[in-house]
Amino acid sequence: MKYFIERDNETKEIVYMEYDLKDGYKVNPKINKEDAIEVSKIVFVNPSLSEKIIRKKVDLQIKHLLDTAFNLDINDGDDGDNSGTKRCLMDAERLKLKIINEYVKYLGNTYASLSIKKIQLIIDALRTRLVDFNKQKEIILDFDRNMNVNEENRGRKGR
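Numbers given for residues are sequential positions, taken from 1 along each chain in its written order. Totals for whole chains, interfaces and linings use every residue, but because this is a predicted model, local features are given only for residues with pLDDT of at least 70 and side-chain atom pairs only at 80 or more, for both listing and counting. Derived side-chain values reflect all non-hydrogen atoms in the structure, with water molecules and hydrogen atoms excluded from consideration.

**Quick look at a nonpolar patch on the surface**
- The grouping of Ile37, Val39 and Ile42 at the surface amounts to a nonpolar patch, some 250 Å² of accessible area in total.
- You can see Val39 is positioned in the loop between β3 (25–27) and β4 (42–44). Without a salt bridge and with relative accessible area above 30%, a residue can belong to a patch; like charges are then joined within 9 Å and nonpolar side chains (Val, Leu, Ile, Met, Phe, Trp, Tyr) within 5 Å. All accessible areas in this document rest on Shrake-Rupley with a 1.4 Å probe, and a residue is counted as covered only by the protein chains that are shown. Think of a salt bridge as a Lys or Arg side-chain nitrogen and an Asp or Glu carboxyl oxygen that are within 4 Å of each other. Secondary structure elements are taken from DSSP: a helix is a run of H or I of four residues or more, a strand is a run of E of two residues or more, and numbering for both begins at the N terminus.

**Regarding a negative patch on the surface**
- A contiguous patch of negative charge on the surface is contributed by Glu6, Asp8, Glu10 and Glu13.
- Position of Glu6 among the secondary structure elements: in strand β1 (residues 3–7). Two residue types count as positive, namely Lys and Arg, and two as negative, namely Asp and Glu; His and chain ends fall outside the count. For this purpose, a charge sits on NZ of Lys, CZ of Arg, CG of Asp or CD of Glu.

**Let's talk about the nonpolar core**
- By nonpolar core is meant a set of buried Ala, Val, Leu, Ile, Met, Phe, Trp, Tyr and Cys residues that side-chain atoms within 4.5 Å join together. The buried label applies to any residue whose accessible area, calculated with a 1.4 Å probe on protein chains only, is under 20% of its type's maximum; exposed applies above 50%, and partly exposed to all values in between. Ranked by size, the top nonpolar core spans 22 residues in total, and within it Val58, Ile99, Tyr103, Ile119 and Leu126 carry the most contacts.
- When contributions to this core are tallied by element, the ones reaching two or more residues are α1 (47–75), α2 (83–107) and α3 (109–155).
- Ranked by residues supplied to this core, first place goes to α3 with 8 residues.
- Note on definitions: a residue-residue contact is assigned when non-hydrogen atoms from the two residues lie within 4.5 Å. The residues contacting Tyr103, other than those within four sequence positions of it, are Tyr25, Ile54, Lys57, Val58 and Lys98.

**As for the pattern of salt bridges**
- One pass over the full model with this rule turns up 4 salt bridges.
- Arg55 is paired through a salt bridge with Glu51; the nearest N and O atoms lie 3.0 Å apart. Linking Arg55 with Glu51, this pair stays in helix α1, spanning 4 residues, or about one helical turn.
- What makes Arg55 partly exposed here is its relative accessible area of 31%.

**Considering the side chain of Ser115**
- One can find Ser115 in helix α3.
- According to the relative accessible area criterion, Ser115 is buried, its value standing at 1%.
- Once you skip the residues sitting within four places of it in the chain, Ser115 turns out to touch Val58, Ile62 and Ile99.

**Some details on the environment of Tyr103**
- As for its position among the elements, Tyr103 is in helix α2.
- Taking relative accessible area as the criterion, Tyr103 reaches 2% and is therefore assigned buried.

**Things to note about the packing of aromatic side chains**
- Aromatic pairs are defined between Phe, Tyr and Trp rings, using the six-membered ring for Trp, whenever the two ring centres lie within 6.5 Å; interplanar angles under 30 degrees are classed as stacked, those over 60 as edge-to-face, and all others as tilted. Scanning the entire structure with this criterion turns up 3 aromatic pairs.
- When the ring of Tyr25 is compared with that of Phe44, the centres are 6.4 Å apart and the planes differ by 20°; the resulting orientation is stacked. Separated by 19 residues along the polypeptide, Tyr25 in strand β3 and Phe44 in strand β4 bring together distant segments of the chain.
- With relative accessibility at 21%, the residue Phe44 sits in the partly exposed group.
- Summarising the aromatic geometry, the rings of Tyr25 and Tyr106 are spaced 5.4 Å apart at their centres and angled 70° between planes, so their arrangement reads as edge-to-face. Of the two residues, Tyr25 is situated in strand β3 and Tyr106 in helix α2; the sequence distance between them amounts to 81 residues.
- Ring-pair connections join several aromatic residues into one group, and the members of that group are Tyr25, Phe44, Tyr103 and Tyr106.
- Throughout this description, the term charge over a ring refers to an Arg CZ or Lys NZ atom that lies within 6 Å of the ring centre and within 35 degrees of the ring normal. Over the ring of Tyr111 we find Arg55, and its NZ or CZ is 4.3 Å from the ring centre.

Next comes the structure, spelled out in structure tokens:
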């Protein structure tokens with residue numbers, strides 16, 4: 001059963017309406033307060049409200065990706081591990097797919113394509129960082145191999 005709950009401001013009475021809903025943006029609340037009505041699902045029927053909520057959600061996730069990528073520049077320095085970059089790359093690709101699969105019908109094509117372009121720029125920058133990291137790693141390994149070969153050759157002297 002699905003209900004619509006509304007409080008009338010003039011008479012202060014609560015109105016319950018039962019209805020069947022086919023379309024709308026569905027949200028599952030994660031926070032439950034004590035001594036409150038338990039809500040398992042919220043459906044936003046108003047398209048403009050759904051669009052505003054999803055836009056804010058996408059903007060916050062893009063901002064989080066940018067902050068994470070910027071902090072990777074500062075923190076990942078020379079520790080020899082690029083797991084943070086890989087994780088950020090996976091999060092960016094996951095967000096891109098989520099926009100394409102779930103949010104396009106609520107956002108419209110213009111905002112969705114703009115958001116996808118922003119995310120693609122972040123993905124390209126992270127991939128470039130991974131490629132550069134791998135090239136630097138190969139150069140260091142080649143240098144170490146050459147040094148080991150040269151040391152072995154010096155140790156062998158003929159009669």
